[in-house]
Amino acid sequence: MKKFLALALVVPLLISCSSKKEDSYNEAFVKDTNGFDILMGQFAHNIENIWGIKEVLIAGPKDYVKYTDQYLTRSHINFDDGTITIETIAGTDPAAHLRQAIVSTLLMGDDPGSIDLYSDVNDVQISKEPFLYGQVVDNTGQPIRWEGRASKFADYLLQTRLKSRSTGLKIIYSVTINLVPNHLDKRAHKYLGMVRKASKKYGVDESLILAIMQTESSFNPYAVSHADALGLMQVVQHSAGVDVFKSQGKWGKPSRSFLFDPESNIDTGTAYLAILQNSYLSGIDNPTSRRYAMITAYNGGAGSVLRVFNSDKNRAYSIINSMTPGDVYQTLTTRHPSAESRHYLYKVNTAQKSYRRR
């Protein structure tokens, strides 16, 4: 997880792997994110004041970061690296602060809507069905479900793995825990039934849905972004959410709690892929070429994909349909104006191949 400067958080990147927007929604999207920008700026400012400018750590698509103890303690799960790092700058009994955070993190539930990642409120509830169950084991090699085992493991960690470092002004005490080697597959398995249901409902290949989820969030249901994209498939309320609701005859946009529900998030993200497939990019005849365009459009919008080939939509379709799928892929990964979108196609396509082999 990168440590972001507070100033950098005030202006989110509006074209990102989480944008999911069409040009017609640009103005509304900017207006809707103004309040979120202010919230993020204030939140980062609070962290900077307490931890220092070089220690600002914010939750992201593949990073769960939760502050407690008036911002003195934080839990960070890096879902890409497979690590859990618990840190505190509490000056009095730091081990006690770490112990509480270790136990609550190991036993937190899988309801992302119940935890506010943009505050220091201690709203992490211990669950009988911990989200991390099976993704981390204790020093005896056992998975952790109950508070007694989590507490004993916390004591072991504090005795054997406690570290400290100085920022010049403060001492940061920390403990790091490794997730099991196949943690990604264990998280993916949690949502396989939901993926299959959405795949059948919308006619979108389940391997593509899984590849999008892996690339967007590494199967982190708590995923958030600087563009306020939410959940496993990183759906933005004001753009893709609006498109999907409109296609379903609904008014407005999905709520944050709706998009933090894993099944609703997967359904909405897959519905948007279906819109790309059957509407925005339906003029592309070859299914493989259309899939490459869909993947790229999920990142940066269908309009930007077509403009790579021609500013006129119909002409763009004609050009794409005259090309081989390999040439379409090569064009999108080398000529799309967004480097992020170019890399996104490569990452999702590579991930999809691995799911097709299973």
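Model, not experiment: these values are computed from the prediction. (Residues numbered from 1 in each chain as written. Predicted model: local features only at pLDDT ≥ 70, side-chain atom pairs only at ≥ 80, totals over all residues. Heavy atoms only, no water.)

> Can you help me understand the environment of Ile77 in this one?
The residue Ile77 is located in strand S2 (residues 73-78) in this model. Between the C-alpha atom of Ile77 and that of Leu281, which follows or precedes it by 204 residues, the distance is 37 Å. When residues no more than four places from it in sequence are discounted, the contact partners of Ile77 are Lys62, Asp63, Tyr64, Thr83, Ile84, Thr105, Met108 and Leu132. (Helix = DSSP H or I, 4+ residues; strand = E, 2+ residues; numbered from the N terminus. Contact = heavy atoms within 4.5 Å.)

> Quick question: what am I supposed to make of empty space enclosed by the protein here?
Considering all chains together, one arrives at one cavity of 30 Å³ or more under this definition. Roughly 90 Å³ of internal volume is contained in the largest cavity. Together, 13 residues line the largest cavity, and Thr68, Ser75, Ala101, Ser104 and Asn122 are the ones closest to its centre. Residue assignment for the lining of the largest cavity shows that the elements contributing at least two residues are strand S1 (63-68), S2 and helix H3 (94-106). If one sorts the elements of the lining of the largest cavity by residue count, H3 sits on top with five residues. (1 Å grid on protein atoms, 1.4 Å probe; cavity = no way out; pocket = protein on both sides within 12 Å on 5 of 7 lines; lining within 4 Å. Points joined across faces, edges and corners; volume = space filled by probe spheres on them.)

> Please explain the packing of aromatic side chains as it appears in this structure.
Each aromatic ring pair is specified by the distance between its two centres and by the angle formed by the two planes. According to the stated counting rule, one finds twelve aromatic pairs in the structure shown. Considering the side-chain rings of Phe153 and Tyr156, the 6.3 Å spacing of their centres and the 15° angle between planes classify their relative orientation as stacked. Of this pair, Phe153 and Tyr156 both sit in helix H4 (residues 147-160), three residues apart, which is roughly one turn of the helix. A relative accessible area of 2% means that Phe153 is categorised as buried. The partly exposed category is assigned to Tyr156, whose relative accessible area is 28%. Each member of the aromatic cluster is reached from another via a ring pair, and the members are Phe43, Trp51, Tyr67, Tyr71 and Tyr118. Arg145 extends its terminal NZ or CZ atom over the ring of Tyr133, reaching a point 4.0 Å from the ring centre. Over the aromatic face of Phe245 sits the side chain of Lys250, whose NZ or CZ is 4.8 Å from the ring centroid. (Phe/Tyr/Trp six-rings, centres within 6.5 Å; stacked < 30°, edge-to-face > 60°. Buried < 20%, exposed > 50% of the residue type's maximum accessible area, 1.4 Å probe, protein only. Lys NZ or Arg CZ within 6 Å of the ring centre and 35° of its normal.)

> It is not clear to me how unusual backbone geometry should be interpreted in this structure. Could you clarify?
Even without being a glycine, Ser218 presents a positive backbone phi close to 55°. Tracing the backbone shows Ser218 in the loop between helix H7 (206-217) and strand S6 (229-230). What makes Ser218 buried here is its relative accessible area of 2%.

> What should I look at first to understand the pairing of strand S5 (residues 171-178) in this one?
Residues in a regular strand project their side chains so that they alternate between the two faces of the sheet. Here strand S3 (residues 83-88) runs beside S5; their pairing, made up of six bridges, is antiparallel. The residue bridging Thr83 from the neighbouring strand is Asn178, located in S5. Note: strand S4 (residues 163-166) against S5, four bridges, orientation antiparallel. Residue pairing across strands places Lys163 opposite Ser174, the latter belonging to S5. Taking the residues that link successive antiparallel strands as the turn, the S4-S5 hairpin has four residues, and the phi of Gly168 there is positive, at about 105°. (Pairing = 2+ DSSP bridges.)

> It is not clear to me how the domain arrangement of the protein chain should be interpreted in this structure. Could you clarify?
Interfaces are often described in size by the accessible area the parts lose on coming together. Assigned domains within the protein chain: domain 1 (38-180) and domain 2 (183-356). Computed over C-alpha atoms, the centres of domain 1 and domain 2 are 32 Å apart. Taken together, the contact pairs 24 residues of domain 1 with 20 residues of domain 2. Summed over the shared surface of domain 1 and domain 2, the number is zero salt bridges. There are eight residue pairs in polar contact (both at pLDDT 80 or more) connecting domain 1 and domain 2. (Domains from an automatic or database assignment. Salt bridge = Lys/Arg side-chain N within 4 Å of Asp/Glu carboxyl O. Polar contact = N/O pair within 3.5 Å; in protein donor to acceptor, adjacent residues only side chain to side chain.)

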